[in-house]
Amino acid sequence: MNLEDKIYKYLKYYNMTPQLIKSISGRVYRTLPLSIRYGRIYSKYARLLEESQWWSEEKLRVYQWQKLKVLLKHAYKNVPYYKRVFDEIGLKPEDIQDFDNFRKIPFLTKEIVRENLQDLVARNYPKSKLLYVTTGGSIGIPLGLYYEKGVARSKELAFLTAQWSRVGYKIGDKLAVLRGNVVQGTQNGRLWEFEPIKNRLILSSYHMIDENLPLYVKQIRKFKPKFLHVYPSALTILANFMKKNKVEPFPSVKAVLAGSENMYPWQLKLFQEVFQCTIFSWYGLGELSALAGTCEKSNYYHIFSEYSYVELIAKDEQPITEEDAIGEIVGTTFDNDIMPLIRYKTQDFAVYTKQKCECGRSYPLLKKIEGRLQEFIYTKSNNLISLGPAIFGIHDIDWIQVNQIQFIQERKGELTIRIVSNPGFSKEKIEKYVLNLFEERLNGVCDLRITFVDKIPRAKSGKFHFLIQKLPVNIEDINCLEERYETADSGF
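Not measured: the values here are computed from a predicted model.

J.: Help me get a handle on the overall build of the protein, residues and values and all.
T.: In terms of regular secondary structure, the protein is built from 14 helices and 20 strands. Burial statistics for the protein: of 492 residues in total, 58% are counted as buried. Excluding contacts between residues fewer than 6 apart, the proportion of contacts in the protein whose partners are at least 24 apart in sequence is 68%. Carbon together with sulfur atoms contributes 50% to the accessible area of the protein, which is approximately 22800 Å² in total.

J.: Tell me about helix 10 (residues 232-244), residues and numbers included.
T.: The terminal C-alpha atoms of helix 10 lie 18 Å apart, and with 13 residues this matches the ideal 18 Å at 1.5 Å per residue to within 8%. Counted residue by residue, helix 10 has eleven buried out of 13 residues, so it is predominantly covered. Every buried residue of helix 10 is listed here: Pro-232, Ser-233, Ala-234, Leu-235, Thr-236, Ile-237, Leu-238, Ala-239, Asn-240, Phe-241 and Met-242. Remark: Lys-246 follows helix 10 within two positions and exhibits a positive phi of approximately 55°.

J.: Describe the state of the cysteines, listing the residues and the values that go with them.
T.: On inspection of all chains with the given rule, the structure shows zero disulfides. Sulfur of Cys-357: no disulfide; nearest cysteine sulfur belongs to Cys-295 and is 3.6 Å away.

J.: An account of the pairing of strand 14 (residues 365-369) is requested, with residue identities and associated values reported.
T.: The sheet contact formed by strand 10 (residues 301-303) and strand 14 spans two bridges and is antiparallel. Residue pairing across strands places His-302 opposite Leu-365, the latter belonging to strand 14. In this sheet, strand 14 lies alongside strand 13 (residues 344-352) in antiparallel orientation, the contact comprising three bridges. Directly across from Val-351, in strand 14, lies its bridge partner Lys-368.

J.: Tell me about the packing of aromatic side chains, residues and numbers included.
T.: Summed over all chains, the structure comprises 19 aromatic pairs. The interplanar angle of 85° and the centroid separation of 5.2 Å between the aromatic rings of Phe-407 and Phe-438 together place this pair among those described as edge-to-face. You can see Phe-407 sitting in strand 17 (residues 402-409) and its partner Phe-438 sitting in helix 13 (residues 427-442), a full 31 residues away along the chain. Look at Phe-438 and you get buried, because its relative accessible area is 0%. Each member of the aromatic cluster is reached from another via a ring pair, and the members are Tyr-45, Phe-159, Phe-304, Tyr-307 and Tyr-363. Positioned above the aromatic ring of Tyr-307, the side-chain terminus of Lys-155 is 4.5 Å from the ring centre. The cationic tip of Lys-412 hangs over the ring face of Tyr-378; the distance from NZ or CZ to the ring centre is 4.6 Å.

J.: I'd love a proper account of helix 5 (residues 80-88), names of residues and values included.
T.: Taken together, the buried positions of helix 5 are occupied by Tyr-81, Tyr-82, Val-85 and Phe-86. Viewed end-on, helix 5 has its buried residues packed into an arc of 120°, placing them on one side of the element. The elements touched by buried residues of helix 5 are helix 4 (57-78) and helix 7 (110-115). Where helix 5 ends, the next residue or the one after it, Gly-90, has phi of about 70°, a positive value.

J.: Lay out the side chain of Glu-148 with the relevant residues and their values.
T.: One can find Glu-148 in strand 2 (residues 144-148). One buried charge, Glu-148, has no salt-bridge partner; the nearest side chain with opposite charge is Lys-129, at 4.1 Å. Sequence-distant contacts of Glu-148, defined by excluding residues within four places in its chain, comprise Tyr-125, Lys-129, Asn-336 and Ile-338.

J.: Tell me what's going on with the environment of Leu-235, and back it up with residues and numbers.
T.: In this fold, Leu-235 is placed in helix 10. The class for Leu-235 is buried, based on a relative accessible area of 0%. Separated by 23 residues in the primary sequence, Leu-235 and Ala-258 place their C-alpha atoms 8.7 Å from one another. Beyond its immediate stretch of four places on either side in the chain, Leu-235 contacts Leu-228, Val-230, Val-256, Phe-271 and Phe-275.

J.: Summarise the nonpolar core; cite the residues concerned and give the values.
T.: By size, the foremost hydrophobic cluster in this structure holds 66 residues, and its most contacted members are Tyr-82, Val-113 and Met-339. Here the element with the most residues in this core is helix 4; it accounts for eight residues. Once residues within four sequence positions are removed from consideration, Val-113 is found in contact with Leu-108, Leu-120, Leu-143, Gly-144, Leu-145, Met-339, Leu-341 and Tyr-344.

J.: Help me get a handle on the pattern of salt bridges, residues and values and all.
T.: Enumeration according to the criterion identifies 19 salt bridges in this entry. Here Asp-87 and Lys-92 are joined by a salt bridge, their closest N and O atoms 3.9 Å apart. For Asp-87, a relative accessible area of 34% translates into the label partly exposed. We classify Lys-92 as partly exposed; its relative accessible area is 32%.

J.: So what's going on with the sheet that holds strand 10? Which residues, and what values?
T.: Taken in spatial order, the twelve strands line up as 4-5-3-6-7-8-9-10-14-13-12-11 in an open sheet, and their pairing is mixed. The sheet terminates laterally at strand 4 (192-195) and strand 11 (308-313), the two strands that pair on one side only. On average, each strand axis in the sheet is inclined to that of its neighbour by 30°, with strand direction left out of account. Inspection of the sheet shows strand 9 (residues 291-293) paired to strand 10 by two bridges, in the antiparallel sense. The residue of strand 10 that forms the bridge with Gly-293 is His-302. Sheet strands in contact with helix 4 are strand 11 and strand 12 (326-333), and its direction is about 100° off that of strand 11.

J.: Explain the pairing of strand 18 (residues 414-421) to me, using residue names and the numbers behind them.
T.: Counting buried positions along strand 18 yields six of eight residues, so the element is predominantly enclosed. In terms of strand pairing, strand 17 meets strand 18 through six bridges, oriented antiparallel. Note that in strand 18 the partner of Phe-407 across the bridge is Ile-417. Taking the residues between adjacent antiparallel strands as the criterion, strand 17 and strand 18 are bridged by four residues, where Gly-413 takes a positive phi near 80°.

Reading the values: the criteria
- Residues numbered from 1 in each chain as written.
- Predicted model: local features only at pLDDT ≥ 70, side-chain atom pairs only at ≥ 80, totals over all residues.
- Heavy atoms only, no water.
- Helix = DSSP H or I, 4+ residues; strand = E, 2+ residues; numbered from the N terminus.
- Buried < 20%, exposed > 50% of the residue type's maximum accessible area, 1.4 Å probe, protein only.
- Contact = heavy atoms within 4.5 Å.
- Areas by Shrake-Rupley, 256 points an atom, 1.4 Å probe, with all protein chains shown as cover.
- Expected span 1.5 Å × (residues − 1).
- Disulfide = S-S within 2.5 Å.
- Pairing = 2+ DSSP bridges.
- Phe/Tyr/Trp six-rings, centres within 6.5 Å; stacked < 30°, edge-to-face > 60°.
- Lys NZ or Arg CZ within 6 Å of the ring centre and 35° of its normal.
- Arc of directions from axis to C-beta.
- Lys, Arg positive; Asp, Glu negative; His and termini not counted.
- Salt bridge = Lys/Arg side-chain N within 4 Å of Asp/Glu carboxyl O.
- Core = buried A, V, L, I, M, F, W, Y, C linked by side-chain atoms within 4.5 Å.
- Axes fitted to C-alpha atoms, helices over the stretch in contact; angles between N-to-C directions.

Below, the structure written as structure tokens:
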């Protein structure tokens, strides 16, 4: 058993222990060197990023090209899907001599991944190295993928830590988390829990109503976190409450770490006003095909050249070259050879810029991210809460019954759930499963109704909206609704 497997086994048993034992073992675990806690893969990338973030643009491009050459040879030799596609278009890895040639490779879509999942898995890896995961499901249904055990998550941690270090974060610093984590015991009024091994206070994102928010403020203030790790939509609810009630900021908080959703200018302004600290935002995907984040000097998103190869394409699928043009993010994974994704269309959109950041890093920049529109719903008690935490990260095996899902709100405290079912499953059982799932996740704040449809239409932009909100969303002092929808649907 290698080091990563030993750590995984330890964490599995750790999660089953009582809180007192967790606290003791978690504190002991945090005293271990990072190289032992997270293994050689983490250490490898952490060392690389300390140096490579300051490489020249030319050196980063050389690094990317070397990674792509190795990847293409591997994919053609070991991945059935790519062998078939390359042969069909008469292309061999050695025919691809530069980045322009690379664009001859057909795009990969989410639909292609779903239809060819097993053929996208490299044949030179044993099944014991496969780790099945699902993406967050921001387009309406999670996407199944495979990671390489002991590699993908360690690499991800190294890159995420490198990003956060720009605003002073170090592993082990206290974090207060508002990111859709399920907290045990909420039915008994326990809306938070301490996670010792990562030194985190995890707060429920599903119970953020006015009568509970003073308790959230009290717990955060008592815990004294150095950073808030959040979904922007969840933090917006807390920030609006604090602003409305003139609650003082948390003096211990040095920065907000906001990711997994798009953060809009009105949210950035609100967070800066309420929390009076640095607001750090990043963009990433479960598919591991792109990673970018802001820095200590600007709000531009710095694309990690060492993480993947990223393209930005226009509506006609040609490269974006004009300042402020909006395009779709296309990514090619590095270092997940067990299931490489080449020219993967993310269905996320961003604004291109040729600008350089004064921080001194030579990474390509995005002016802003336009995709991943978080949404809000009205509860029975007229409270505004984010739907995002309830519908992201569903890993239940029974979810395979559902092909697509979409929520519609036309009345406060009510939600209609549209479902496109997969063939071979009973609609009666699907309805019971989905109702139980979301009644638990939403804790009864809305009455739910299921309707089965043959197809869920997309927006004019071509994107899928997991929520169609037909009610005007009135967030106090923030005039953002029209701006959000106009931005989301423009230019594609």
